[in-house]
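Residue-level structure breakdown
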Amino acid sequence: MEENLTLRDIKPLLEIPDYSYYLFIGLISLLVVIVLLLLFFLIKRFWKNRKVNMKKLYFKQLKEVNWKESKQAAYEVTELGRHFSDDKRCSEIYRQLVPMLEVYKYKKEVPSIDDETLNQYNLLVHVIDESI
């Protein structure tokens, strides 16, 4: 009689699938991708800002021309002014200035720079300063 006393209403344990390990790995992978993207964009931004703006460098050189040596100054202004020919207004003022500077080039002895040429140069510098 004791043999018939086995319990029949208790079922065996069920195996519950555990996905927490996969979720953890997925979350870590997602975080790593986000951090890498942030680093990429930050490095890209700093790299872009690191580049030297050549127009600003040429403008600085143009402003610092020594007008006491009129021949050398005429050559420097002619060379540096070419870099600003993309702007229509700067290009027009530069084209008016170049014939004025021709007087001070190609000669052994040159006079000092006249006021009209200096005024045209100052106008060019002012217009370039506004456009940059």
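So, here's what we can say about the structure. (Residues numbered from 1 in each chain as written. Predicted model: local features only at pLDDT ≥ 70, side-chain atom pairs only at ≥ 80, totals over all residues. Heavy atoms only, no water.)

Quick notes on the overall build of the chain
To keep things clear, this is the line we draw: A run of H or I in DSSP becomes a helix once it reaches four residues, and a run of E becomes a strand once it reaches two; helices and strands are each numbered from the N terminus. Values of the radius of gyration come from C-alpha atoms, whereas the globule rule sets the reference at 2.2 Å times the count of residues to the power 0.38. Whether a residue is buried, partly exposed or exposed follows from its accessible area with a 1.4 Å probe, protein chains only, as a fraction of its type maximum: under 20%, in between, or over 50%, in that order. For this analysis, residues touch if any pair of their heavy atoms sits within 4.5 Å. Using a 1.4 Å probe, accessible areas were evaluated by the Shrake-Rupley method; residue-level cover was limited to the displayed protein chains. Note on charges: Lys and Arg go in the positive column, Asp and Glu in the negative column, and His and the chain ends are not counted at all. By convention, the point assigned to a charge is CZ for Arg, NZ for Lys, CD for Glu and CG for Asp.
The helix and strand tally for the chain stands at five helices and zero strands. Along the chain, from the amino end to the carboxyl end, the secondary structure elements read α-α-α-α-α. Its C-alpha atoms give the chain a radius of gyration of 38 Å, more than 25% over the compact-globule value 14 Å for 132 residues. Taking the principal axes of its C-alpha atoms as reference, the chain extends roughly 135 × 25 × 20 Å. Put simply, the chain has 132 residues, and 22% of those count as buried. For the chain, the proportion of contacts with a sequence separation of at least 24, taken over those separated by at least 6, is 63%. In the structure as shown, the chain presents an accessible area of about 11,300 Å², 60% of it carried by carbon and sulfur atoms. One finds the centroid of the 20 positive side-chain charges in the chain at a distance of 7 Å from the centroid of its 19 negative side-chain charges.

Quick look at the packing of aromatic side chains
To keep it simple, the criterion reads: Two rings from Phe, Tyr or Trp (for Trp, the six-membered ring) form a pair when their centres sit within 6.5 Å of each other. Planes less than 30 degrees apart are called stacked, planes more than 60 degrees apart edge-to-face, and all others tilted.
This model, assessed by the stated rule, comprises four aromatic pairs. Relative to tyrosine 121, the ring of tryptophan 67 lies with its centre 4.7 Å away and its plane at 70°, an arrangement referred to as edge-to-face. Placement of the pair is tryptophan 67 in the loop between helix 2 (54-63) and helix 3 (70-81) and tyrosine 121 in helix 5 (residues 115-131), with a sequence separation of 54 residues. Tyrosine 121 matches tryptophan 67 in its accessibility class, with the two residues each being buried.

Quick word on the side chain of threonine 117
Within the secondary structure, threonine 117 is located in helix 5. A relative accessible area of 2% means that threonine 117 is categorised as buried. For threonine 117, the contacting residues outside a window of four places in its chain are Leu97, Met100, Leu101 and Tyr104.

Points about the packing of helix 3 against helix 4 (residues 88-101)
Rules: Lines fitted to C-alpha atoms define the axes here, with helix axes fitted over just the stretch in contact, and angles between the N-to-C directions of these axes take values from 0 to 180 degrees. For classification purposes, angles smaller than 35 degrees are called roughly parallel, those larger than 145 roughly antiparallel, those between 65 and 115 roughly perpendicular, and all remaining angles oblique. The handedness criterion is simple: a crossing whose near helix is rotated anticlockwise from the far helix by less than a right angle is left-handed, and one whose near helix is rotated clockwise is right-handed. Residue polarity is assigned by list, with Asp, Glu, Lys and Arg as charged and Ala, Val, Leu, Ile, Met, Phe, Trp, Tyr, Cys and Pro as nonpolar; anything else, Gly included, falls into the polar class.
Interaxial distance between helix 3 and helix 4 falls to 10 Å at its minimum, and their mutual angle equals 160°. Considering the angle they form, helix 3 stands roughly antiparallel to helix 4. Once helix 3 is placed against helix 4, the crossing between them reads as left-handed. Within the contact between the two elements, helix 3 uses Ala74, Val77, Thr78 and Gly81 and helix 4 uses Tyr94, Leu97 and Leu101. Taken together, the residues of the contact of helix 3 with helix 4 break down into five nonpolar, two polar and no charged.

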